[in-house]
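# Understanding the architecture of this molecule
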Amino acid sequence: MEIEIDGKVAQVPDGSTIMDAAQQVGVYIPHFCYHKKLSIAANCRMCLVQVEKAPKPLPACATPVTNGMKVFTHSELAIKAQKGVMEFLLINHPLDCPICDQGGECQLQDLAVGYGGSTSRYQEEKRVVFHKDVGPLISMQEMARCIHCTRCVRFGQEIAGVMELGMASRNMHSEITTFVGRSVDSELSGNMIDLCPVGALTSRPFRYSARSWELARRRSISPHDSVGANLALQVKNNVVMRVLPRDNEEVNECWISDKERFSYEALNSPLRLAKPMVRVDGQLREVAWNVALDYLSHALQDVLSRNGGESLAALASPQATLEELHLLQKLTRGLGSGSVDCRPRRRDFSADGKLVGIPWLGLRLSEIKDLDAALVVGSFLRKDHPLFAQRLRQLAKKWGKVSLISVSGDDPLLRLHAQLAVSPAELPLAMAAVVKAAAVLRGEPVPAGLADVEPCAASQAIASSLLAGERRAIFLGNVAEQSPQAALLHALANELARLTGASCGFIGDGANSVGGHLAKALPTALNAYEMFRQPRKAYFLLGVEPELDCHNPQQALAALQAADLVVMLTPFADGPARDYADVLLPIAPFSETSGSFVNCEGRLQSFSGVVRPFGEARPAWKVLRVLGNLLSLAGFDQDSSEQVRDEIVAAGTEFIGGLDNRLAAELPVALARSGDGLQRVADVPIHFADLLARRAPALQQTRDAAVPAARMNGETLKALGLTDGVLVRVRQGAGEAVLAARVDETTPPSCIRVAAAHASTAALGDMFGAITVERA
């Protein structure tokens, strides 16, 4: 379609609006309710423009283009209409710009300068809207500022998948409010703050702490999950004051999760480790860096000389940078040990050495929207990967058929084609049923070992969806990777992908899940589980808290407490580490160092520090480099993180090559039915998943950070002779925890859902396995 806007001619696709065409030719039309990612509401009327032969001004956001249309955005008629709308918008708006948190970055403030009058003709009393308490993240203290653009309402419905805000009453009595006093609990809720064009919705943690013009804007990358969201960190006086999303359509679009938005509070926490600490006479004491490193180098040499190189094990967080992981594995191997890993929550490592390449998502994030069908296996999707779930939500809203097989019936807030909730032990059986159904539908022989499997209606529906259409994908989530049968699930997913022509990939449980493989921070000796089951004499821990981050924290703590030397590189000085660590070295978090993350699609994204390190903290890659020099190891002469990165990948690399999710050798399919007794289902709560989120005060006040309970369905609760709310003693291995029993019908039968990564459950064993429950 051809359209002329203010004399500029544009060619636009059929179905485009005047607003779309104006953006294409670079013509700005004032607006409030319009947003590129939301549906069209046309309720603010600020975008009224003059269209040739139209009897009255028309809203640019809602008027479709017709061939030969002529539009005038700055004609006398258009300007008069826009000024009239602005006058109405300002009638009830309070004149509190000097104290408004949105001041300096407010769309209403900006447009009022161009379209507002110098005085108001309105002499009546302005309306008053009482504030609402919607939780610790969003402030709705000044709702009299609201102009009813409904962006926040549409965001909840269309992007977050849950309508948490709505409009009550009519005319000048209209209010944006929650339902019956409920709080806003979506894991994406903070995006409403960015969407609000006025100061009605503001950030509660940031409130009254700085003015927008005082803040310097710095680019960074999220360290929290495998999507690698692009961030803008806003800094004042060497302190990170706020975190906002940075637009990148290929990665995070224009959204970030609440964890990414509010975990910056931990960067300024009083719990930060300011100086190196060494255990002297049973007490940790602050020392200078040279003393700590000298002590550490001699202690390492002493332990290794007495016990051999394999007495050392190194474990890193999947949130560590590519450069840190590379130097850690180089240091560990240089000292004669192959026990190094960056997958602390993994249990099954039988696929190690059988991978063809580096495991990844299997396709680009931007390609998800074009899929015809998708299957997610083993994931608490909303909480594990909020932005990934948002992309699947948009797919399901169009034509895509999204199915889910997992260990919980949690609502992912997207329209599912089919869903199976099974116990952790039956997860491979559920996958096998889909594989057999796909083989039967294709008329191919049933794979060996699956003859006795009987597909249910849901299994057949999933298989049918993956065989229809042209573009299909299978995604293995965190639960699938952490399962004791992870390799079997991987093999079944590969077979299903072969049968259906779908891609197969891993969503990834950390910011650098792919980067860890690229940096070769993987074991040639003991893996992340075995290094604690077969205790070592010395442990090197990089950004990881074993009591919260390991598959079996009970086992990890026992090994660490018995070790001769435990070295922790961490930004924080609190936690159980003070009881077992012999050396604490303060390292800089992502905001204070430079480095790179490789996200789940294999995209390499580098970033720089935005503030100076806290106290005497140092970038971890520098600490490892200096330690390598002190130990007289070769290959530790880099002067910058870029030099370390270039050792791993060529300069200028954007996407990593060698990505492949196939297994070079077939794994035997040995399916086991669920045995007697209760099984544990362990989710990792979104705000306990990493050490930054755990120490962010606002996030720890949310519903998602509630103390874990022993959750089971009504049938299991009744069989155990318990009632909802009663205290129970949960036992696993040699550990126990006292929790409240809760009815949760999303939990499969004969399963108890007990969250991991929390201090109250840190004494328990494996994330998935046998568990006992009795009244406390």
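Residues numbered from 1 in each chain as written. Predicted model: local features only at pLDDT ≥ 70, side-chain atom pairs only at ≥ 80, totals over all residues. Heavy atoms only, no water.

Looking now at the overall build of the protein. For the protein, the count of helices and strands is 22 helices and 32 strands. In terms of principal-axis extent, the alpha carbons of the protein reach across some 90 × 70 × 55 Å. Expressed as a percentage of its 776 residues, the buried residues of the protein come to 61%. On the protein, roughly 29800 Å² of surface is accessible, and the fraction owed to carbon and sulfur atoms is 51%. Both charge centroids of the protein, one from 80 positive and one from 85 negative side chains, sit 3 Å from each other. (Helix = DSSP H or I, 4+ residues; strand = E, 2+ residues; numbered from the N terminus. Buried < 20%, exposed > 50% of the residue type's maximum accessible area, 1.4 Å probe, protein only. Areas by Shrake-Rupley, 256 points an atom, 1.4 Å probe, with all protein chains shown as cover. Lys, Arg positive; Asp, Glu negative; His and termini not counted. Charge placed at Lys NZ, Arg CZ, Asp CG, Glu CD.)

This part is about unusual backbone geometry. It is generally the case that most residues other than glycine have a negative phi and that most peptide bonds are trans. Its identity is not glycine, yet Y208 carries a phi of approximately 60°, on the positive side. Structurally, the position occupied by Y208 is in the loop between β9 (202-203) and β10 (216-221). A positive phi angle, close to 60°, is found at K520, a residue other than glycine.

The sheet built from 5 strands is open, its strands ordered β19-β18-β17-β20-β21 with parallel pairing. Each edge of the open sheet is held by one strand with a lone partner, namely β19 (416-421) and β21 (503-506). Neighbouring strand axes in the sheet, compared pairwise and without regard to direction, differ in orientation by 15° on average. Examined bridge by bridge, strand β18 (residues 401-406) and β19 share 5 bridges and lie parallel to one another. Counterpart to L404 in the pairing with β19 is Q419. (Pairing = 2+ DSSP bridges. Axes fitted to C-alpha atoms, helices over the stretch in contact; angles between N-to-C directions.)

The next point concerns the packing of aromatic side chains. Inspection of every chain in the model, using the stated rule, returns 4 aromatic pairs. Geometrically, the ring pair formed by F532 and Y539 is stacked, given 5.2 Å between the ring centres and 15° between the ring planes. Y539 shares its class with F532; the two are buried. Here the guanidinium or amino end of R347 rests over the ring plane of Y529, the centre of that ring lying 3.8 Å away. The ring of F572 is capped by R695, whose NZ or CZ atom sits 4.4 Å from the centre of that ring. (Phe/Tyr/Trp six-rings, centres within 6.5 Å; stacked < 30°, edge-to-face > 60°. Lys NZ or Arg CZ within 6 Å of the ring centre and 35° of its normal.)

Tracing the backbone through its elements, the reader meets V726 in the loop between α22 (714-719) and β29 (727-732). With a relative accessible area of 15%, V726 lands in the buried category. Expressed as a C-alpha distance, the spacing of V726 and A710, which sit 16 residues apart in the sequence, is 9.9 Å. Residues within four places of V726 in sequence aside, it is in contact with L739, A740, A741 and R775. (Contact = heavy atoms within 4.5 Å.)

Right, let's get into the UniProt feature "domain: 4Fe-4S His(Cys)3-ligated-type" (unreviewed entry) in the protein. Look at the UniProt record and you will see "domain: 4Fe-4S His(Cys)3-ligated-type" (unreviewed entry) annotated at residues 77-116. Across residues 77-116, helical content stands at 60% and strand content at 0%; the span's end C-alpha atoms are separated by 16 Å. (UniProt positions renumbered as here; feature names shortened; annotations may be inferred.)

Right, let's talk about a nonpolar patch on the surface for a bit. Taken together, the side chains of M163, F179 and V180 present a nonpolar region at the surface, about 310 Å² in accessible area. Inspection of the secondary structure assignment puts V180 in the loop between β8 (175-178) and α5 (191-195). (Patch = residues over 30% accessible without salt bridge, like charges linked within 9 Å, V, L, I, M, F, W, Y side chains within 5 Å. Salt bridge = Lys/Arg side-chain N within 4 Å of Asp/Glu carboxyl O.)

Overall, the coordinates contain 45 salt bridges when judged by the stated rule. Here D96 and R145 are joined by a salt bridge, their closest N and O atoms 2.9 Å apart. With D96 in the loop between α2 (76-91) and α3 (107-115) and R145 in the loop between β6 (138-139) and α4 (151-160), the pair connects residues that are 49 residues apart, well separated along the chain. Across the pair, R145 and D96 agree in class, each one buried. Here E481 and R346 are joined by a salt bridge, their closest N and O atoms 3.2 Å apart. Taken together, the residues span a long stretch of sequence, with E481 in helix α13 (residues 478-482) and R346 in the loop between β16 (340-341) and β17 (373-377) at a distance of 135 residues.

Read across the sheet, 5 strands follow the order β2-β1-β5-β3-β4 without closing on themselves; strand pairing throughout is mixed. Because the sheet does not close on itself, it has two edges, and the strands there are β2 (8-11) and β4 (58-59). Bridge count for strand β1 (residues 2-5) against strand β5 (residues 69-72) is 3 bridges, and the pairing is parallel. For I3, the partnering residue across the bridge sits in β5 and is M69. Where helix α1 (residues 18-25) meets the sheet, its contacts fall on β1, β2, β3 (48-51) and β5, and the angle it forms with β1 comes to roughly 70°. Against the sheet, α2 engages β3 and β5, with an angle of about 160° to β3.

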